[in-house]
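What follows is the residue order along each chain.
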Amino acid sequence: MANKFAIITGASSGIGFELAAIAAEQGYDLLVAADEPIGHAAAQAWRSRGVSVASVEVDLSSLEGVDRLLAAAQGRQVDLLCANAGRGLGHGFLDQNVADWRRVIDTNITGTLYLLQQVLGDMVARNAGKVLVTGSIAGFIPGSFQAAYNGTKAFIDSFTDALRNEIQDSSGVTITTLMPGPVDTEFFDRADMLDTSVGASDSKSDPADVARDGWDALMKGDAHIVSGWKNKLQAAAAHVTPAALLAERHRKMAEPGSAKE
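In this report, the structure presented in the accompanying data block is examined.

What to know about the packing of helix α3 (residues 63-72) against helix α4 (residues 98-126)
Relative to each other, α3 and α4 sit at 40°, their axes nearing to 9 Å. At the point where α3 passes α4, the crossing takes the right-handed sense. Contact residues: α3 offers Leu-63, Val-66, Asp-67, Leu-69 and Leu-70, while α4 offers Thr-110, Gly-111, Tyr-114, Leu-115, Gln-118 and Val-119. A class-by-class count of the residues in the contact of α3 with α4 yields seven nonpolar, three polar and one charged.

Let's talk about the pairing of strand β6 (residues 173-179)
Buried residues dominate β6, accounting for seven of its seven residues. Residues Val-173, Ile-175, Thr-177 and Met-179 line one face of β6 and the alternating positions Thr-174, Thr-176 and Leu-178 line the opposite face, and both faces are buried. Here six bridges tie strand β5 (residues 129-134) to β6, and the two strands are oriented parallel to one another. When the sheet's bridge partners are listed, Gly-129 is paired in β6 with Val-173. Where the polypeptide runs from β5 across helix α5 (residues 147-166) and back to β6, its parallel neighbour, the crossover connection is right-handed. Where β6 lies against strand β7 (residues 224-226), three bridges are found, and the strand directions are parallel. Bridging across to β7, Leu-178 finds its partner in Ile-225.

Structural notes on the sheet that holds strand β4 (residues 80-83)
On the basis of which strands lie adjacent, the open sheet formed by seven strands has the order β3-β2-β1-β4-β5-β6-β7 and parallel pairing. Strands at the two margins of the open sheet, each flanked by one partner only, are β3 (53-57) and β7. Mean inter-strand twist for the sheet, computed between neighbouring axes without regard to direction, equals 15°. Taken together, the five bridges between strand β1 (residues 5-9) and strand β2 (residues 29-34) define a ladder with parallel strand orientation. Paired with Ala-6 across the two strands is Leu-30, which belongs to β2. The strands touched by α5 are β5, β6 and β7; relative to β6, the strand with the most contacts, the crossing angle is about 160°.

Regarding the nonpolar core
Ile-8, Leu-19, Leu-30, Val-32, Trp-46 and Trp-215 are the most contacted members of the largest nonpolar core, which totals 30 residues. Broken down by secondary-structure element, the contributors of at least two residues to this core are β1, α1 (14-25), β2, α2 (40-47), β4 and α8 (207-220). Looking at this core element by element, the count peaks at six residues for α1. What Trp-215 contacts, discounting residues up to four positions off in sequence, is Leu-19, Ile-22, Ala-23, Gln-26, Tyr-28 and Leu-80. Membership of the second largest hydrophobic core comes to 27 residues, among which are Ile-7, Leu-31, Ala-73 and Leu-120.

Section: the environment of Val-226
Inspection of the secondary structure puts Val-226 in strand β7. The class for Val-226 is buried, based on a relative accessible area of 16%. Along the sequence, Val-226 and Asp-206 sit 20 residues apart, while their C-alpha atoms lie 14 Å from each other. Look past the residues within four positions of Val-226 in its chain and what remains in contact with it is Ile-137, Met-179, Asn-231, Lys-232 and Ala-235.

Overview of the packing of α1 against α8
Closest axis-to-axis distance for the α1/α8 pair is 8 Å, and the angle between their directions is 55°. With respect to their mutual orientation, α1 and α8 come out oblique. As α1 packs across α8, the resulting crossing turns out to be right-handed. Each of Gly-14, Ile-15, Glu-18, Leu-19, Ile-22, Ala-23 and Glu-25 in α1 lies in contact with α8, whose residues at this interface are Pro-207, Ala-208, Val-210, Ala-211, Arg-212 and Trp-215. Taken together, the residues that form the contact of α1 with α8 break down as nine nonpolar, one polar and three charged.

Conventions and cut-offs
- Residues numbered from 1 in each chain as written.
- Predicted model: local features only at pLDDT ≥ 70, side-chain atom pairs only at ≥ 80, totals over all residues.
- Heavy atoms only, no water.
- Axes fitted to C-alpha atoms, helices over the stretch in contact; angles between N-to-C directions.
- Helix = DSSP H or I, 4+ residues; strand = E, 2+ residues; numbered from the N terminus.
- Left-handed = near helix turned anticlockwise from the far one by under 90°.
- Contact = heavy atoms within 4.5 Å.
- Nonpolar A, V, L, I, M, F, W, Y, C, P; charged D, E, K, R; others polar.
- Buried < 20%, exposed > 50% of the residue type's maximum accessible area, 1.4 Å probe, protein only.
- Pairing = 2+ DSSP bridges.
- Right-handed = clockwise from strand over helix to strand, strands pointing away.
- Core = buried A, V, L, I, M, F, W, Y, C linked by side-chain atoms within 4.5 Å.
- Parallel < 35°, antiparallel > 145°, perpendicular 65-115°, else oblique.

In structure tokens:
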């Protein structure tokens, strides 16, 4: 019998890279996507597990980019989707270029929703399939100096809860929301946040641990997983802490230059 088939976005590094490694280990054929090339060595390592690996370099902030990704699947049934692609952006909102914050929104929200809509339709029709969406505990926190990003994660965290309810009659389809805290990836470099307290911190989560937490929850069909016990505590506290206080705490983490304080 043919292997099951997984699509994983944001797979060039970080959480997505580790999710692809786990999926290959578990015998899934892979279609991996990112906005930069997937390393040849990584693809070969995944193939060594006896699975096929196809990769596509594509901009998932656009509907056309998502269409290119789906076309690369060549009509194959998608058994598992890890919608992991995301983009951050530091600094104060008034200092950001419109094109930059629009790309954050279009990658984290528009592209993700379009991909989910295209893939989930077939899953629901056959009443089978698993989806992992990377949200964040940032969605619980007003993100001073990271406002657009945190806002997109608040949207994703809420949207997946609503979508899960809408398809609840399709018991064979599960949607799991992975909610990590800060992770040791290229995220903070790309978001121009290396001079911030959170960007410079050496206490970030290991992406391999986050991916494993997400995978385990996905396989169990859990609705949510907050990765890491410290993040679980922070997420719980966010539900009972006034927004103004949360925003001030986030400012201390994300304000440019805070790493020097």
